[in-house]
Amino acid sequence: RHAVCIFYLVLRALDTVEDDMTISLDVKVPMLHEFHSYLYQPEWKYMESKEKDRQVLEDFPTISMEFRNLSKVYQDVISDICHKMGVGMAEFLEKKVDSQHEWDKYCHYVAGLVGIGLSRLFSASELEDPIVGQDTDLANSMGLFLQKTNIIRDYLEDQQEGREFWPREVWSRYAKKLSDLAKPENIDMAVQCLNELITNALHHVPDVLTYLSRLKNQSVFNFCAIPQVMAIATLAACYNNKQVFRGVVKIRKGQAVTLMMDATNIQAVKAIMYQYVEEIYQKIPSTDPSSNKTQQVIASIRAMSLPGSSMASRHHYSPIYLSCAMLLAALSWQYLSTISKATEEYVQAGEN
């Protein structure tokens, strides 16, 4: 728990440096490259940030002290991932995501490395087998699936904030500029582009299912599985949906709570994945340029997640366990809603 907490705070601090547009590149690039070394400098902190999360930089000595109190095996993982992520972030500061290969590379730096780091922590703790931390390809896919889902869903918000993460190789086949996809006259081409990117993201689902099938610890399983089922539900809501280019597409709160409660074992997760890829399959337009590829990837996911009798296994927990799960889900959703509201207020304040 402590290792995961400190891992999060260290990466939150690193990400705050990357996000801060008031820091000049000649200062920011060396900071990102050297950030992992600050973990071993008891006095290092940064007081010039204007970002909303600047407290993690201003109070960094507190974080680095707790980091140095961790077991060396945890320190080594966190420092290594921080170093690799900082170098990757610096690389993409001065270039845009052009090819699909670069899209995978960017998502690896900002999310795949998180999946790899967490997996190494799970194994180092001996809560999970060594293979979980050693198989970096599967851990990377866990991160890429979540990051691509966020990038796809957040098209309009990113456009409004002046950020572009959709790969040029894909969107350039549908528009001259990425921003053109938001124009009403381009909505048909925009949706086709959206469907192609969702199809790309779905290719990570088989890796996700293989990864989750290896987990033995219940807490680790829940921690990993819940974001993944949220992601597949979000992609199903976004697929072939014009609303992605007009506003925010979100899964319903009740739907989110149900997913949190149900995603407690691999058979249940397979059933959930099956349910949402079937939902996507039913919405595939026959005229969509990516329709064949979408059908193919859904067929491979179906083969791994045929429900059979698995639905029955979703409800074999005791009433006490379910009560605790419901309480956790409710508290988690309340927290997420509060954070979301605070973020919206922050953005609105910035616009004003």
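Residues numbered from 1 in each chain as written. Predicted model: local features only at pLDDT ≥ 70, side-chain atom pairs only at ≥ 80, totals over all residues. Heavy atoms only, no water.

Any pair of aromatic rings gets described here by the distance separating the centres and the angle formed by the planes. Under the counting rule described, the total for this entry stands at 13 aromatic pairs. Here Trp44 and Phe60 contribute two aromatic rings whose centre-to-centre distance is 5.4 Å and whose plane-to-plane angle is 90°, an arrangement assigned as edge-to-face. Linking Trp44 in the loop between α2 (25–38) and α3 (55–58) with Phe60 in helix α4 (residues 60–69), this pair joins segments that are 16 residues apart in sequence. As far as the burial class goes, Trp44 and Phe60 line up, both buried. Considering the side-chain rings of Phe92 and Tyr106, the 5.4 Å spacing of their centres and the 70° angle between planes classify their relative orientation as edge-to-face. (Phe/Tyr/Trp six-rings, centres within 6.5 Å; stacked < 30°, edge-to-face > 60°. Helix = DSSP H or I, 4+ residues; strand = E, 2+ residues; numbered from the N terminus. Buried < 20%, exposed > 50% of the residue type's maximum accessible area, 1.4 Å probe, protein only.)

Within the largest apolar cluster, 107 residues are counted, with the highest numbers of intra-cluster contacts made by Phe35, Trp166, Leu181, Tyr211, Leu212 and Phe245. Two domains each provide a minimum of three residues to this core, namely domain 1 (1–95) and domain 2 (97–312). When sequence neighbours within four positions are dropped, the list of residues in contact with Leu181 reads Tyr155, Trp166, Trp171, Tyr174, Ala175, Met189, Ala190, Cys193 and Phe245. (Core = buried A, V, L, I, M, F, W, Y, C linked by side-chain atoms within 4.5 Å. Domains from an automatic or database assignment. Contact = heavy atoms within 4.5 Å.)

One can find Glu51 in the loop between α2 and α3. When the C-alpha atoms of Glu51 and Thr16 are compared, they prove to be 6.7 Å apart, with 35 residues separating the residues in sequence.

So, about the packing of helix α13 (residues 218–238) against helix α14 (residues 253–262). For the pair α13 and α14, interaxial distance at closest approach is 9 Å and the crossing angle is 140°. With respect to α14, the element α13 is oriented oblique. Helix-helix and strand crossings are classified by hand; for α13 and α14 the assignment is right-handed. Residue-level contacts link Ile226, Val229, Met230 and Ala233 of α13 to Gln255, Ala256, Leu259 and Met260 of α14. The residue inventory of the contact of α13 with α14, partitioned by class, reads seven nonpolar, one polar and no charged. (Axes fitted to C-alpha atoms, helices over the stretch in contact; angles between N-to-C directions. Parallel < 35°, antiparallel > 145°, perpendicular 65-115°, else oblique. Left-handed = near helix turned anticlockwise from the far one by under 90°. Nonpolar A, V, L, I, M, F, W, Y, C, P; charged D, E, K, R; others polar.)

Per-residue confidence for the protein chain averages 90 on the pLDDT scale, and 87% of its residues sit at or above 70. Predicted confidence for residues 309–321 stays below pLDDT 50, and this span has 20 contacts to residues more than four positions away or in other chains. (pLDDT = per-residue confidence, 0-100.)

With that out of the way, let us pick up helix α16 (residues 291–305). Relative to the 21 Å expected for 15 residues at 1.5 Å per residue, α16 spans 21 Å between its end C-alpha atoms, a close match to the ideal helical length. The complete set of buried residues in α16 reads Ser291, Thr294, Val297, Ile298, Ile301 and Ser305. In a view along the axis of α16, the buried residues occupy a sector of 135°, so they form one face of it. For α16, the exposed residues lying more than 90 degrees away from the buried face are Asn292, Lys293, Gln296 and Ala303. Elements that come into contact with the buried residues of α16 comprise α11 (187–202), α12 (205–213) and α15 (266–282). (Expected span 1.5 Å × (residues − 1). Arc of directions from axis to C-beta.)

On to the packing of α12 against α15. Running from amino to carboxyl end, α12 crosses α15 at an angle of 165°, the nearest separation of the two axes being 10 Å. In terms of axis orientation, α12 runs roughly antiparallel to α15. Crossing of α12 over α15 shows right-handed handedness. Between α12 and α15, the residues in contact are Val205, Val208, Leu209, Leu212 and Ser213 and Ile266, Val269, Lys270 and Met273, respectively. Across the contact of α12 with α15, the residue classes tally to seven nonpolar, one polar and one charged.

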